[in-house]
Amino acid sequence: WTVFGRRDAPPVRGQIIVLADSPIKTLSDLAGKEVAFPGPEALVAYKFSYAQLLNRHVPVNVVFGGNMDGAFAQLASGKAKAVAGKLLGNPALR
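A brief look at the structure comes next. (Residues numbered from 1 in each chain as written. Predicted model: local features only at pLDDT ≥ 70, side-chain atom pairs only at ≥ 80, totals over all residues. Heavy atoms only, no water.)

**Section: the nonpolar core**
Item 1. Of all hydrophobic cores here, the largest spans 12 residues; its members are Ile24, Leu30, Val35, Phe37, Ala42, Ala45, Tyr46, Leu53, Val58, Val60, Ala82 and Ala84.
Item 2. Those elements giving two or more residues to this core turn out to be strand S2 (34-37), helix H1 (43-55) and strand S4 (82-85).
Item 3. The element that contributes the greatest number of residues to this core is H1, accounting for 3 residues.
Item 4. Setting aside its immediate chain neighbours within four residues, valine 35 contacts Leu30, Val60, Asn61, Val62, Val63, Ala80, Ala82 and Ala84.
Item 5. With 8 residues, the next largest nonpolar core counts Ile17, Phe72, Ala80 and Leu87 among its residues. (Core = buried A, V, L, I, M, F, W, Y, C linked by side-chain atoms within 4.5 Å. Buried < 20%, exposed > 50% of the residue type's maximum accessible area, 1.4 Å probe, protein only. Helix = DSSP H or I, 4+ residues; strand = E, 2+ residues; numbered from the N terminus. Contact = heavy atoms within 4.5 Å.)

In structure tokens, the structure reads:
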């Protein structure tokens, strides 16, 4: 085979988001905790982010919110300690 096309764009990155006053400061602090994801079909927010947690040996309890707003609702209600996703712009303005 031969490669005839290649993606020419910045890498895709997910984020792990916690509340500003959260005691969680590192990924390893999430071990055994609930982490909210929008849903199992979310490529960056779930599949990429969860794969990185597993690769770093950080087992978490997966909570699906149905969409990003639902995942953030899980965080705001205290049912999850973090949200995995991708925020655009300044997260303080969300």
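That covers the picture; the talk isn't over yet.
**A few points about the sheet that holds S2**
Item 1. Ordered in space as S1-S4-S2-S3, the 4 strands form an open sheet in which the pairing is mixed. Pairing within the sheet leaves two strands with one partner each, and these edge strands are strand S1 (15-17) and strand S3 (61-64). Across the sheet, the axes of successive neighbouring strands diverge by a mean angle of 30°, strand direction being ignored.
Item 2. Direction of pairing for S2 relative to S3: parallel, over a ladder of 4 bridges. (Pairing = 2+ DSSP bridges. Axes fitted to C-alpha atoms, helices over the stretch in contact; angles between N-to-C directions.)

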